[in-house]
Amino acid sequence: MALNQGAPDWWRKAVLYQVYPRSFQDSNGDGIGDLKGIEQRLGYLSDLGVDAIWISPFFKSPMRDFGYDVEDHRAVDPIFGDLNDFKRLLDAAHRRGIRVMIDLVLSHASETHEWFRDARLSTDSRYSDCFVWADARPDGGPPNNWLSIFGGPAWTWEPRRRQYYLHNFLSSQPDLNFHNPVVQQEALDVARWWLELGVDGFRLDTVNFYFHNVALKDNPPSGRGRTQVVSESNPYGFQEHLYDKNQPEVLNFLDRLGNLLAEYPGSMALGEVGAERAWADQLMEAYSAPGRLQLCYTFDLLSDGFSPDHFRRVIGIQSGTPLWRCLSFSNHDVVRAATRFSRDESEAPLVSKLAMALLLSLPGTPCLYQGDELGLTEADVPFDKLVDPYGITFWPTFKGRDGCRTPMPWNTGPNAGFTTRDGVPWLPISEDHPALSVSEQETAESSVLTLVKDLIRIRKTELGFAAGEVRFYEMEDGILMFDRVSGEDVVTCVFNLSRTRHTVQLDPGPIWSIVLGQQGASIGSNERLELPPLAWAYLKSGSPDFNSAP
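What you are looking at is a predicted structure, and each value in this text was computed from that prediction instead of being measured.

## Notes on the packing of aromatic side chains
- All told, the structure shown has 38 aromatic pairs when counted by the stated rule.
- Summarising the aromatic geometry, the rings of Phe-58 and Trp-194 are spaced 5.8 Å apart at their centres and angled 85° between planes, so their arrangement reads as edge-to-face. Note that Phe-58 is positioned in the loop between strand E2 (52-55) and strand E3 (59-60) and Trp-194 in helix H5 (residues 181-197), a separation of 136 residues in sequence.
- Since its relative accessible area comes to 0%, Phe-58 is described here as buried.
- Site record: aromatic cluster; members linked through ring pairs are Phe-150, Phe-169, Phe-209, Tyr-390, Phe-394 and Phe-398.
- Lying over the aromatic face of Trp-410, Arg-41 brings its terminal NZ or CZ to 3.9 Å of the ring centre.
- When the ring centre of Trp-133 is taken as reference, the NZ or CZ atom of Arg-161 above it lies at 3.9 Å.

## Focus: the nonpolar core
- Of all hydrophobic cores here, the largest spans 123 residues; its most connected members are Tyr-17, Phe-495 and Tyr-538.
- With 17 residues, the next largest nonpolar core counts Trp-11, Trp-54, Leu-270 and Trp-324 among its residues.

## Observations regarding the state of the cysteines
- Considering all chains together, one arrives at zero disulfides under this definition.
- Unpaired in terms of disulfides, Cys-326 finds its nearest cysteine sulfur in Cys-367, a separation of 5.0 Å.
- In this structure Cys-326 comes out as buried when scored by relative accessible area, which is 2%.
- Overall, the relative accessible area of 2% leaves Cys-367 in the buried class.

## Section: the sheet that holds strand E21 (residues 528-531)
- Pairing within the open sheet is antiparallel, and its three strands lie in the order E18-E21-E20. Either end of the sheet is taken by a strand with one partner, and the two such strands are strand E18 (502-505) and strand E20 (522-523).
- The sheet contact formed by E20 and E21 spans two bridges and is antiparallel. Directly across from Ile-523, in E21, lies its bridge partner Leu-529.

## Observations regarding empty space enclosed by the protein
- Taken as a whole and assessed by the stated rule, the structure comprises three cavities of 30 Å³ or more.
- The volume enclosed by the largest cavity comes to roughly 120 Å³.
- In terms of residue count, H5 provides more of the lining of the largest cavity than any other element does, four residues in total.
- For the lining of the largest cavity, the class distribution of residues is eight nonpolar, two polar and one charged.
- Computed from the structure, the second largest cavity encloses a volume of approximately 80 Å³.
- What lines the second largest cavity is Ser-330, Arg-336, Ala-337, Ala-338, Ser-352, Ala-355, Met-356, Gly-371, Asp-372, Gly-375 and Leu-376.
- With three residues, helix H10 (residues 348-359) is the largest single contributor of residues to the lining of the second largest cavity.
- A per-class count over the lining of the second largest cavity returns five nonpolar, four polar and two charged.

## Here we look at the sheet that holds strand E10 (residues 268-272)
- Strand order in this open sheet of eight strands is E11-E10-E9-E5-E2-E1-E14-E13, and the pairing throughout is parallel. In this open sheet, the two strands that pair with only one neighbour each are strand E11 (295-297) and strand E13 (326-327).
- As paired strands, strand E1 (residues 16-19) and E2 are joined by four bridges and run parallel to one another. Bridge pairing in E2 links Tyr-17 to Ile-53.

## Some remarks on the pairing of E10
- Of all five residues in E10, five are buried, a share of seventy percent or more.
- Side-chain alternation along E10 places Met-268, Leu-270 and Glu-272 on one buried face and Ala-269 and Gly-271 on a second face that is also buried.
- Note: strand E9 (residues 201-204) against E10, four bridges, orientation parallel. Note on E10: the bridge partner recorded for Leu-204 is Gly-271.
- Bridging between E10 and E11 involves three bridges; their strand directions are parallel. The residue of E11 that forms the bridge with Gly-271 is Cys-296.
- In this view, the connection linking E10 to its parallel neighbour E11 by way of helix H7 (residues 277-287) has right-handed handedness.

## Side note on a negative patch on the surface
- A surface patch of negative charge is lined by Asp-344, Glu-345, Glu-431 and Asp-432.
- The exposure class of Asp-432 is partly exposed, given its relative accessible area of 38%.

## Quick notes on the pattern of salt bridges
- Applying the stated criterion to the full structure yields 31 salt bridges.
- Taking the shortest distance from any N to any O, the salt bridge between Glu-186 and Arg-74 comes out at 2.8 Å. One end of the pair, Glu-186, is in helix H5; the other, Arg-74, is in strand E4 (residues 72-76), with 112 residues separating them in the sequence.
- On the basis of relative accessible area, Arg-74 is assigned to the partly exposed category, the value being 28%.
- Among the charged side chains, a network of salt bridges with common partners joins Arg-64, Glu-111, Arg-120, Glu-158 and Arg-160.

Thresholds, definitions, all that
Residues numbered from 1 in each chain as written. Predicted model: local features only at pLDDT ≥ 70, side-chain atom pairs only at ≥ 80, totals over all residues. Heavy atoms only, no water. Phe/Tyr/Trp six-rings, centres within 6.5 Å; stacked < 30°, edge-to-face > 60°. Helix = DSSP H or I, 4+ residues; strand = E, 2+ residues; numbered from the N terminus. Buried < 20%, exposed > 50% of the residue type's maximum accessible area, 1.4 Å probe, protein only. Lys NZ or Arg CZ within 6 Å of the ring centre and 35° of its normal. Core = buried A, V, L, I, M, F, W, Y, C linked by side-chain atoms within 4.5 Å. Disulfide = S-S within 2.5 Å. Pairing = 2+ DSSP bridges. 1 Å grid on protein atoms, 1.4 Å probe; cavity = no way out; pocket = protein on both sides within 12 Å on 5 of 7 lines; lining within 4 Å. Points joined across faces, edges and corners; volume = space filled by probe spheres on them. Nonpolar A, V, L, I, M, F, W, Y, C, P; charged D, E, K, R; others polar. Right-handed = clockwise from strand over helix to strand, strands pointing away. Patch = residues over 30% accessible without salt bridge, like charges linked within 9 Å, V, L, I, M, F, W, Y side chains within 5 Å. Areas by Shrake-Rupley, 256 points an atom, 1.4 Å probe, with all protein chains shown as cover. Salt bridge = Lys/Arg side-chain N within 4 Å of Asp/Glu carboxyl O. Lys, Arg positive; Asp, Glu negative; His and termini not counted. Charge placed at Lys NZ, Arg CZ, Asp CG, Glu CD.

Below you can see the structure in the form of structure tokens.
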């Protein structure tokens with residue numbers, strides 16, 4: 001059964017942790033992480049202090065997009081184990097008080113899905129209307145100008161039907177037609193099946209892609225190149241995506257999904273909103289309205305933005321209670337934050353600590369991507385070792401997602417403890433990562449891992465972090481300063497995002513102390529906070545406690 005202890009809105013105070021199962025822990029020596037491997041590492045996750053894990057897809061799949069092309073939503077792919085392995089993992093996690101969320105991929109399926117295998121053969125197929133088909137234009141071209149995120153048109157010709165089918169991603173990932181009630185019901189039935197099994201919730205992949213414009217109107221040009229969703233080398237950013245996603249019909253389906261979740265107290269859903277900035281905020285607000293999804297996230301914190309103005313804009317308001325959303329600086333689709341936010345490799349440890357302190361202090365539900373807590377940098381995977389079709393297509397201007405998906409380093413032994421001595425990891429382990437492994441950091445007071453454990457502990461014990469209220473300060477360039485407020489309880493958070501030293505004048509009335517801070521951050525005479533480059537501090541007034549974290 002699902003873990004229903006505590007308040008139904010447990011996710012508001014939770015710290016989430018994304019597990020990319022191929023790369024977390026291999027239990028059988030085949031070089032691919034699996035469900036038994038995750039179970040073996042639950043003690044680590046419990047010690048870290050996370051409340052729930054989001055497991056990326058482990059369903060039966062031909063793995064052309066590494067699990068995001070699902071052949072059977074109710075089956076475990078053999079490379080990860082079997083359904084009994086998942087049940088044991090679920091029970092073991094629940095015994096430790098860790099909730100389990102699974103990654104539901106509903107907007108599209110694999111070309112090997114039984115529905116599509118039948119639908120592509122004939123227009124008379126019983127599953128024909130479960131996918132999006134269109135006749136060719138008179139010149140033989142696709143029906144409109146829609147593009148695939150992974151490159152090229154979003155349409156592929158099926159000669160047996162003499163029609164095109166829609167795919168927003170790989171041509172092997174045909175889009176499901178959510179305008180068909182049969183598709184919607186199947187999606188809800190799949191969700192119910194896993195809820196009955198005992199999962200605590202879902203991460204919903206590409207939730208704003210569920211519906212398309214039935215008239216198949218051309219998208220207009222955007223007048224720009226790069227967006228928060230794609231790199232500037234990808235023509236996808238040249239269009240304003242008015243018709244291939246972000247359709248209003250999504251809301252009606254989310255109402256139905258919300259009603260289903262309400263039947264399972266304590267369950268929740270987190271939606272990925274892959275939309276440009278002009279759409280993202282309003283979509284998140286609509287999708288997470290009462291009775292729909294509990295949380296949403298967009299890619300604005302997964303971008304290169306690293307300035308006070310950027311973070312204030314993402315939160316959405318200067319003071320008050322912003323939209324409660326999921327916050328993450330890394331995931332399986334973007335360059336790791338330690339590399340993205342650093343000017344060079346020497347900065348990465350300091351930047352990692354600052355990023356984790358910032359993430360765990362912002363209003364919202366934070367989600368760590370595996371390795372964030374170690375300060376892992378982006379791995380440099382050579383072209384001949386790439387497996388991500390996205391990176392292979394756009395090489396060398398965009399190297400794809402393999403660099404953030406390399407195996408988790410557990411120790412400095414063979415294969416960094418990810419697989420056996422004789423195993424061959426599915427992606428090469430970065431030569432820089434063993435030095436950042438769990439075994440090297442777990443007993444080091446100055447490590448990123450030690451700091452993250454302290455940050456999670458303080459987030460859970462300081463009442464100011466428990467509520468949604470935030471008050472931003474107008475500060476000089478490079479300084480981000482805000483209060484987290486819960487009644488009379490206030491935590492003041494100050495971050496020097498610049499590469500120069502700054503002095504911040506605090507209110508001279510109260511006695512200030514540092515609850516937790518970067519080494520070198522100090523309060524001097526006249527209540528002046530001294531911050532070296534890339535330093536930070538959590539402050540309280542009237543508290544004698546002092547704890548300076550290295």
